Amino acid sequence: MESPHYILRVAIGGVLVAALLFGVSLLNEGPRDLSAIESIYGIDYPVEDGRAQIYESLAHTDLQLVEPVLGKTADVTISFIPHDVQRLSLGIRRSSFWLSYDVIPVYDRVAGDLTDTVTTRQLSIPLSDKLQDADRSLDIMLFASTTRPVDPATLIDQPTFWELTRLDISVSNVAPNPLETLGYLASIVTRERPL
């Protein structure tokens, strides 16, 4: 029979190894892959000359991660041709509700804007409070409103047209504050899981 001290040392060693592996995973930085740009129905938008042709008010992609979101920030570069877009925003899902996105403005049309030229914006988005799917990816939604008259019956499928020429996301490390850490741990404990 093993002594209690031996069992305690093995348990502490196991916890330290797990903490070390988790800590190393937090240090992973750099560019990340994105899935194809698609409609909310999962249909890929057509791509012509390297530009996604987006003709609905919502466009979706997944940010592929292999590490936890704790202590991470997404550095986003988005380039687009607005055409008939009045406003464009980007959001990363933060809870299990399908439209729980913190919406960050990317573009607001100003009178006299050139609508057929490429516009580029850069954003920095904290990830610690965002919801990771089971495969550790993050849901990203692009929200566009059009200059065309809006039919309230088709608000979700509002027809619009703009072209996404580039969407690059790189992940960098930041020191999480204690509140973010508690929120991250609480999200793991309270996350809905399939039966």
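Keep in mind the model is a prediction, meaning the values are calculated, not measured.

**Focus: the packing of aromatic side chains**
Counted by the stated rule, this structure contains 4 aromatic pairs. Judged by centre distance (6.3 Å) and plane angle (90 degrees), the rings of F80 and W162 are edge-to-face. One end of the pair, F80, is in strand β5 (residues 72-81); the other, W162, is in strand β10 (residues 159-173), and 82 residues separate them in sequence. Classification of W162 by relative accessible area gives buried; the value is 1%. Each ring, one from Y101 and one from F143, has its centre 5.7 Å from the other, and the planes form 70 degrees; the classification is edge-to-face. Here the residue Y101 occupies a position in strand β7 (residues 101-108), and F143 occupies one in strand β9 (residues 138-146), the gap between them amounting to 42 residues. Each member of the pair, Y101 as well as F143, is classed as buried.

**Focus: the sheet that holds β7**
Sheet architecture is open: 4 strands sit in the order β4-β9-β6-β7, paired in antiparallel fashion. The open sheet has two edge strands with one neighbour each: β4 (58-63) and β7. Strand-to-strand twist across the sheet, computed as the mean angle between neighbouring axes with direction ignored, equals 20 degrees. Direction of pairing for strand β6 (residues 85-93) relative to β7: antiparallel, over a ladder of 7 bridges. Note that in β7 the partner of L90 across the bridge is I104.

**Some points on unusual backbone geometry**
A positive phi is found at D49, a non-glycine position, where the angle reads about 55 degrees. Relative to the helices and strands, D49 is located in the loop between β2 (47-48) and β3 (51-56). The exposure class of D49 is exposed, given its relative accessible area of 71%. At H83, a residue that is not glycine, the phi angle is positive and equals roughly 45 degrees.

About the cut-offs
Residues numbered from 1 in each chain as written. Predicted model: local features only at pLDDT ≥ 70, side-chain atom pairs only at ≥ 80, totals over all residues. Heavy atoms only, no water. Phe/Tyr/Trp six-rings, centres within 6.5 Å; stacked < 30°, edge-to-face > 60°. Helix = DSSP H or I, 4+ residues; strand = E, 2+ residues; numbered from the N terminus. Buried < 20%, exposed > 50% of the residue type's maximum accessible area, 1.4 Å probe, protein only. Pairing = 2+ DSSP bridges. Axes fitted to C-alpha atoms, helices over the stretch in contact; angles between N-to-C directions.

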